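# Residue-level structure breakdown
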Amino acid sequence: MRSNPSHYELTTPATLEAVLDILASDLGPYTPIAGGTELMVALGAGRLATRKLVSINHLQELRFIATTPETLTLGSGTTFTDLRKDPVIATDFSLLSQAASWTGSIANQNRGTLGGNIVNASPAADSLPALLAYEAELTLVSARATRTIPYAGFHLGYKKTILRPDELLHSITLKRDFREYAHYARKVGTRNAQAISKVAIAALARLKDGLIQDIRIGAASLRDRPIRLTATERVLQNQPITRETIAAARAALTSETQPIDDIRSTAKYRAAVAANLLEEFLHQLKP
Amino acid sequence: MTQITLTINGETKTIEAPPMKRLLDLIREDLHLTGTKEGCGEGECGSCSVLMNGELVNSCLVPALQANGARICTIEGISTKGRLHPIQQCFLERGGAQCGICTPGMILATHHLLEKYPQPTLLQIQEGLAGNLCRCTGYTRIFDAVQQAILKTQQPTNN
Ligand SMILES: Cc1cc2nc3c(=O)[nH]c(=O)nc-3n(C[C@H](O)[C@H](O)[C@H](O)COP(=O)(O)OP(=O)(O)OC[C@H]3O[C@@H](n4cnc5c(N)ncnc54)[C@H](O)[C@@H]3O)c2cc1C
Ligand code: FES
Ligand code: FES
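None of these values were measured; they are calculated from a predicted model.

Parameters at a glance
- Residues numbered from 1 in each chain as written.
- Chains lettered and ligands numbered in written order.
- Predicted model: local features only at pLDDT ≥ 70, side-chain atom pairs only at ≥ 80, totals over all residues.
- Heavy atoms only, no water.
- Phe/Tyr/Trp six-rings, centres within 6.5 Å; stacked < 30°, edge-to-face > 60°.
- Helix = DSSP H or I, 4+ residues; strand = E, 2+ residues; numbered from the N terminus.
- Buried < 20%, exposed > 50% of the residue type's maximum accessible area, 1.4 Å probe, protein only.
- Lys NZ or Arg CZ within 6 Å of the ring centre and 35° of its normal.
- Near = heavy atom within 4 Å.
- Polar contact = N/O pair within 3.5 Å; in protein donor to acceptor, adjacent residues only side chain to side chain.
- Areas by Shrake-Rupley, 256 points an atom, 1.4 Å probe, with all protein chains shown as cover.
- Nonpolar A, V, L, I, M, F, W, Y, C, P; charged D, E, K, R; others polar.
- Salt bridge = Lys/Arg side-chain N within 4 Å of Asp/Glu carboxyl O.
- Expected span 1.5 Å × (residues − 1).
- Arc of directions from axis to C-beta.
- Core = buried A, V, L, I, M, F, W, Y, C linked by side-chain atoms within 4.5 Å.
- Domains from an automatic or database assignment.
- Axes fitted to C-alpha atoms, helices over the stretch in contact; angles between N-to-C directions.
- Parallel < 35°, antiparallel > 145°, perpendicular 65-115°, else oblique.
- Left-handed = near helix turned anticlockwise from the far one by under 90°.
- Contact = heavy atoms within 4.5 Å.
- Pairing = 2+ DSSP bridges.
- Buried area = accessible area lost by both parts, 1.4 Å probe.

Now for the packing of aromatic side chains. Residue and element names in this part refer to chain A. All chains considered together, the criterion is met by five aromatic pairs over all chains. Ring centres of F93 and Y134 lie 4.9 Å apart, and the angle between their planes is 90 degrees; this geometry places the pair in the edge-to-face category. Linking F93 in the loop between α4 (87–92) and α5 (94–102) with Y134 in the loop between α8 (128–133) and β6 (137–141), this pair joins segments that are 41 residues apart in sequence. Accessibility assignment for this pair places F93 and Y134 in one class, buried. An angle of 55 degrees between the planes, with centres 5.3 Å apart, marks the rings of Y134 and F178 as tilted. Within this pair, whereas Y134 is found in the loop between α8 and β6, its partner F178 is found in the loop between β10 (168–175) and β11 (182–188), the two being separated by 44 residues in sequence. Residue F178 is classed as buried on the basis of its relative accessible area of 5%. Chaining the aromatic ring pairs together yields one cluster made of F93, Y134, F178 and Y181. The ring of Y8 is capped by R51, whose NZ or CZ atom sits 4.7 Å from the centre of that ring.

And the structure:
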C-alpha cells in the first residue's frame, strides 16, 4: 500500500556543507534523496523505511562534469541526460553514455543520477559495469573528512555499501586512458528499452600483435553486486583469439559468477547469455 | 507541512503541503489541474509527465518540495487562450488519442522531443516516447500524429 506522505520529513539545506552537517548531527538518521527515481518508487510501494530525508538534488556542488587532459570527474548529481550530452564522455567513455541511454525513459534519465545508481547498489544497475571496466575512483565526503577509494571496493553485497550514514558520495573520477581500447557494451533485457537488465556487460580490450594485451570486463546481474570478471580476464590475458581461448574464457566466466534466480530470469540463463556476450565481443576484437 | 512556491503554467502559486507529497498529487489535489493522470505511480507509464524547468519528468516520482521554485508546465499550459497547440491538433486529427489517459503525457513528451530535435527521425520519436505507454492506439497513430506535428510546428505560428 502507498505510504502517507505526511509521515515523512524532507529538508533542503542550501549548501553541501549544511547537508553534511545535518547528516552528522544526532537529529537523524537522514537519507539523502537525489533524483528520487528509486526512493519515490519505494515510497509509492509503502516500503520507504526511513522517515527523514534530506534533498541533495538542488546542490550545484554535486552536479558537474570536469575534465582535465588526464581525468574526467563527474559530480554524483550528474543525471543520465547530462552523461548522454557530454562530448568527452561520448568519445572517451562510450560505455557510460551507452549505459545512460538504457537507463529507463527520457523522463527517468532527466531525473536519475549516477550517484543514485551507485549508492542504490542494485546488482542489475546499468552504469556500474562500465565504472568497473574504467576502474573508477569514488570520492566520499562527510563533515569530518573526505576519502577517495577505488569503486571496485564500494559494494559489500546485495544493496550493501561501505558508505557511512554521515557520508555522501561526492564524485566519480575516471582516467582518460582508454582511447586505444575497443569498447563493448550490451544489455539483455525483456525488451530493448526500459526493462531492467537480465544481464549486462561492459568491456574494454586492447590487442597487440594479435594477442590480448589488456582486457577488462564488468558485468551486472551475475552476482549479488556488479562485478569485474577477473578470472576470465586472466584466462584471456596474452592470448590470441582462437576457438580454444574462447572456450576457456566461457568456462572461467561460468566458474566465477553466481547469478541469482529471480522474477526476471534464471541463473542458468544469465550465465549462458553472459558467456555469449563475451564471445560476441571476442569475435569483434579479431584482427 | 511546508510552504511550496512554484510557477504553474505561468502563474506563481504558494501551497502548504507535506514536503514528500508527490508533485502529481499536488498538481491534481491542491492546484486542481486534473489533466495530469496517474497510471502506474512508479515511473513506468509516463501518464503523469509534466515539464519541470523545461525537462520532461514523471510527476509521480518528484517530491513536492523538490519542485519549490520550479517552473511547471502541465497539459493545461500547452494550449494558448483556449486554442489547441498544433501537437494537440495533430493528435486529434490523426487518431493519436483514444481513451485519452496517456494523451496528456504523450503530448508533453512530444513537446519535449520537438524542443530537443525539431526534425526527429522515427527512431528518435520512438525513443522520446518510449516512457509513455498507451493501451489503446497501438502507437502507430501516435507516431503519425507526431510526424504531422513536426511539419506544423515548423510553419509560422499564425496558421
Ligand atoms: C521506470 C524506471 C526505470 C528504471 N530503469 C533503470 C534501468 O534501466 N537501469 C538502471 O540501472 N536503473 C534504472 N532505474 C533505477 C534508477 O533510475 C537509477 O538507479 C537511478 O540512478 C537512481 O538515481 P536517483 O538519483 O533517482 O536516486 P534516489 O532515488 O534519489 O536515491 C537512490 C539511493 O541512493 C542514495 N543516494 C543518492 N545520491 C546519493 C549521494 N550523492 N550520496 C549518498 N547517497 C546517495 C539515496 O539515499 C538512495 O538510497 C529505473 C527507475 C525507474 C523508476
Ligand atoms: S503514473 Fe507516473 S509514470 Fe506512471
Ligand atoms: S489512448 Fe488510451 S491509453 Fe493511450
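It is worth spelling out the site of ligand 1 at this point. Surveying the vicinity of ligand 1 reveals 33 residues, the closest of which are A:P32, A:T37, A:E38, A:T113 and A:D126. One finds residues of chains A and B in close proximity to ligand 1. Contact between ligand 1 and A:T37: an oxygen atom at 2.6 Å from a side-chain N or O atom of the residue. When isolated, ligand 1 has an accessible area of 980 Å², and the protein chains bury 93% of it. For the shell around ligand 1, the secondary structure elements donating two or more residues are β2 (31–33), α2 (39–44), α7 (114–120) and β10 of chain A. Looking at the shell around ligand 1, the element that brings in the most residues is α7(A), giving four residues. Classifying every residue of the shell around ligand 1 by side-chain character gives 14 nonpolar, 14 polar and five charged.

On to the pattern of salt bridges, then. All names here are of chain A. Following the criterion strictly, the structure yields 22 salt bridges over all chains and no others. With its nearest N and O atoms 2.9 Å apart, the salt bridge here joins D92 to R176. Of this pair, D92 sits in helix α4 while R176 is found in the loop between β10 and β11, placing the two residues 84 residues apart along the sequence. Sharing partners across several salt bridges, the network here consists of E135, D214, R216, R228 and E233.

Residue and element names in this part refer to chain A. Helix length check: helix α10 (residues 243–256), at 14 residues, gives a terminal C-alpha distance of 20 Å against a target of 20 Å (1.5 Å per residue), a fit within 8%. When α10 is considered as a whole, its buried residues turn out to be T245, I246, A249, A252, L253 and E256. Down the axis of α10, the buried set is contained in an arc of 125 degrees. They therefore lie on one face. In this structure, α10 carries R243, E244 and S255 as exposed residues pointing more than 90 degrees from its buried face.

Quick look at the nonpolar core now. A:L96, A:I118, A:L131, A:L138, A:Y151, A:I172 and A:L174 are the most contacted members of the largest nonpolar core, which totals 35 residues. Domain assignment of the residues forming this core places at least three in each of domain 2 (60–175) and domain 3 (182–285) of chain A. In terms of nonpolar packing, the next biggest core, distinct from the first, is built from 33 residues, A:A42, B:I8, B:A17 and B:C60 among them.

This part takes up the packing of helix α3 (residues 103–116) of chain B against helix α5 (residues 140–154) of chain B. Residue and element names in this part refer to chain B. As a packed pair, α3 and α5 sit with axes 11 Å apart at the nearest point and diverge in direction by 45 degrees. In terms of axis orientation, α3 runs oblique to α5. In this structure, α3 crosses over α5, and the sense of that crossing is right-handed. Contacts from M106, T110, L113 and L114 of α3 reach α5 at I142, V146, A149, I150 and T153. Per-class residue counts for the contact of α3 with α5 are seven nonpolar, two polar and no charged.

Residues and elements named next belong to chain A. Spatial ordering of the open sheet is given by β4-β5-β10-β6-β7, a layout of five strands whose pairing is antiparallel. Strands at the two margins of the open sheet, each flanked by one partner only, are β4 (65–67) and β7 (146–150). With direction set aside, neighbouring strand axes in the sheet form an average angle of 20 degrees. Judged from the five bridges that link them, β6 and β7 form a sheet pairing that is antiparallel. From the neighbouring strand, E137 faces β7, where its bridge partner is P150. Along the sheet face, helix α1 (residues 16–24) touches β6 and β10 and points at about 125 degrees away from the line of β10.

So, about α5(B). In an α-helix, one full turn covers 3.6 residues, which means residues spaced three or four apart are oriented alike. Here α5(B) is 15 residues long and its end C-alpha atoms lie 22 Å apart, about the 21 Å a rise of 1.5 Å per residue gives. Here α5(B) has its buried residues at B:I142, B:F143, B:A145, B:V146, B:Q148, B:A149 and B:I150.

A few words now on the domain arrangement of chain B. Residues and elements named next belong to chain B. One can read the domain layout of chain B as domain 1 (2–77) and domain 2 (86–154). Taken over C-alpha atoms, the centre of domain 1 sits 21 Å from the centre of domain 2. The partner domain 2 presents twelve residues to the 15 residues of domain 1 that form the contact. In total, about 1100 Å² of surface goes out of reach between domain 1 and domain 2, with carbon and sulfur atoms giving 67% of it. Counting the contacts that link domain 1 with domain 2 gives zero salt bridges. Taken together, the links from domain 1 to domain 2 amount to five residue pairs in polar contact (both at pLDDT 80 or more). Where the side of domain 1 that touches domain 2 is concerned, the elements lending two or more residues are β3 (49–52) and β4 (55–58). For the side of domain 1 that touches domain 2, the element with the highest residue contribution is β3, accounting for three residues. The residue makeup of the side of domain 1 that touches domain 2, split by class, is six nonpolar, six polar and three charged.

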